[in-house]
Amino acid sequence: MPLSPKKHQWRRRPLLPTSPPPKVPAAAEPAAPSPVHKDQGSVVQAALYREGNRVATPDSLAETFRRLREFPDGMAWIGLHRPTEAEVHSLAAEFDLHELAVEDALEAHQRPKLERYGDTLFVVLRAARYLDAQEEVDFGELHVFVGKDFLITVRHGAAPDLSAVRRRMEETPELLALGPEAVLYAILDAVVDGYAPVVAGVQNDIDEIETEVFSGDPAVSRRIYELSREMVEFQRATRPLVGMLRGLMAGFAKYGTDEELQRYLRDVADHVTHTSERVDGFRQALADILTVNATLVTQQQNAEMRALAEAGFEQNEEIKKISSWAAILFAPTLVGTVYGMNFDSMPELHWGFGYPFAITLMAVVCVSLYVIFKRRDWL
């Protein structure tokens, strides 16, 4: 079986030839993985290999150390998940791990990096997986110690699924026989392959966001912001891998890396570069979408404000008309009210022209007010 089955068009070719591995004699047949015992602590699985075949599956770290001493030409592959300080220190004492690397493995929350301490290589990786139900990206952290006869993985988080890597490697003993470096490259391959579903999921999210932006969904701004933050984390996970893999490739000649492993690593580097470029594109696309959304929101707000202003203007015009007619009608009412007070001693009350004068006065006042309001466009 190929080391890394491919499901996406842009993924690389199978890491291994498709021809079946040589048949292992019955005496050397790998033992089936034993279940994780309750007293194992954080040890997910520990196994010893010789010439690419599993020869032992210890139940504890102490037994793993003892059995490894019995096989000087063997290799120990130890997988831990959120280990305790005592477990990590026991590994450090047995395999002479550097204290700085041990401290990083315990604290987690490290940036992706590759460091060499003597004969031991310390690698920090950030794996990712796309959660369809929540439509978000979940990140995990993986620390790998690689020595001459051992490989230790310390996982913080759900990703990546290293049990699948172990199965694929055990099904290709000719590659596993190349030692811990081959396992490291298989882990790198699995982490990088795990980015593909994330890229596809994010691309789908961006397509949905674009539709929501132009449909005027008010909740889209929050979704853009949250996805942008995830892309920042994704960029922090992928961008350092480009330099890390270049560093590994630069040491091919110095450390005598197998030529086949060199090809695999170059292939992984190509796809890391591709993924990093896609993530950079996502960040730019989200920034552009956010700008467009802000522009559309501003335009919508301006349209609403314009509509309110027009409505207010129309209201003002109506109020002006009502006020003008009220003023015009108020003038004769005032005059009529004064002459309707039924007092005997009032000026011009018994004057022969009093009534025509009052009517004329009311008409003059009303016409004057009408002309004034008309000139001011109140009517």
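All of these numbers come straight from a predicted model, not from anything done at the bench. Here the residue numbering is sequential within each chain, running from 1 through the sequence in written order. In view of the model being predicted, local features appear only for residues whose pLDDT reaches at least 70, and side-chain atom pairs are presented and counted only at 80 or more, with totals across whole chains, interfaces and linings using the full set of residues. Hydrogens and water molecules were not included; the side-chain quantities draw on all heavy atoms of the structure.

## Things to note about the pairing of strand S5 (residues 120-131)
Relative accessibility under 20% of the residue-type maximum defines a buried residue, over 50% an exposed one, and the middle range a partly exposed one, all with a 1.4 Å probe and only protein chains included. Numbering of helices and strands runs from the N terminus, with a helix taken as a DSSP run of H or I at least four residues long and a strand as a DSSP run of E at least two residues long. Of all twelve residues in S5, eleven are buried, a share of seventy percent or more. Pairing analysis gives five bridges linking strand S4 (residues 113-117) to S5, with the strands arranged antiparallel. Looking at S5, one finds that Arg116 is bridged to Leu121. At least two bridges found by DSSP between two strands is the condition for calling them paired. Taking the residues between adjacent antiparallel strands as the criterion, S4 and S5 are bridged by two residues, where Gly118 takes a positive phi near 65°. Linking S5 to strand S6 (residues 136-146), which pair antiparallel, is a turn of four residues; within it Glu135 sits at a positive phi near 55°.

## Notes on the sheet that holds strand S3 (residues 75-81)
By definition, the strands of a sheet pair up through backbone hydrogen bonds, in either a parallel or an antiparallel sense. The strand order S2-S1-S3-S7-S6-S5-S4 describes an open sheet built from seven strands, whose pairing is mixed. Since the sheet does not close on itself, it has two edges, and those belong to strand S2 (53-56) and S4, each with one partner. When the angles between neighbouring strand axes are averaged without regard to direction, this sheet yields 25°. Sheet topology places S6 next to strand S7 (residues 150-156); six bridges connect them, and they run antiparallel. Paired with Val144 across the two strands is Thr153, which belongs to S7. Note on contacts: a residue pair is in contact if any heavy atoms of the two residues lie within 4.5 Å. To define axes, lines are fitted to C-alpha atoms, for helices over the stretch in contact only, and angles between the resulting N-to-C directions are given on a 0 to 180 degree scale. Along the sheet, helix H2 (residues 85-95) makes contact with strand S1 (43-50), S3 and S7, crossing S3 at roughly 160°. Against the sheet, helix H7 (residues 220-250) contacts S4, S5 and S6, and its axis sits at roughly 145° relative to S5.

## Re H7
Every α-helical turn comprises 3.6 residues, leaving residues that sit three or four positions apart pointing alike. Every helix has an expected span of 1.5 Å times one less than the residues it contains. The terminal C-alpha atoms of H7, which comprises 31 residues, lie 45 Å apart, in line with the 45 Å expected from a rise of 1.5 Å per residue. Think of it this way: the bend at a residue is just the angle between two axes, each fitted to seven residues, one set ending at that residue and the other starting at it. If you look at H7, its biggest bend is around 25°, right at Val242.

## Observations regarding the confidence of the model for the protein chain
How sure the predictor is of each residue is captured by pLDDT, a score from 0 to 100. Considering every residue of the protein chain, the mean pLDDT works out to 80; 84% of them sit at 70 or more. Of the regions scoring below 50 in pLDDT, residues 1-40 engages in 71 contacts with residues more than four places distant in sequence or in other chains.

## Overview of the pattern of salt bridges
Two side chains carrying opposite charge are able to pair once their charged atoms lie near each other. Salt-bridge detection follows one rule: a side-chain nitrogen of Lys or Arg within 4 Å of a carboxyl oxygen of Asp or Glu. For the coordinates displayed, the defined rule picks out 17 salt bridges. Arg239 is the partner of Asp280 in a salt bridge, and the nearest nitrogen-oxygen pair spans 3.0 Å. Here the residue Asp280 occupies a position in helix H9 (residues 259-339), and Arg239 occupies one in helix H7, the gap between them amounting to 41 residues. Owing to a relative accessible area of 29%, Asp280 belongs among the partly exposed residues under this scheme.

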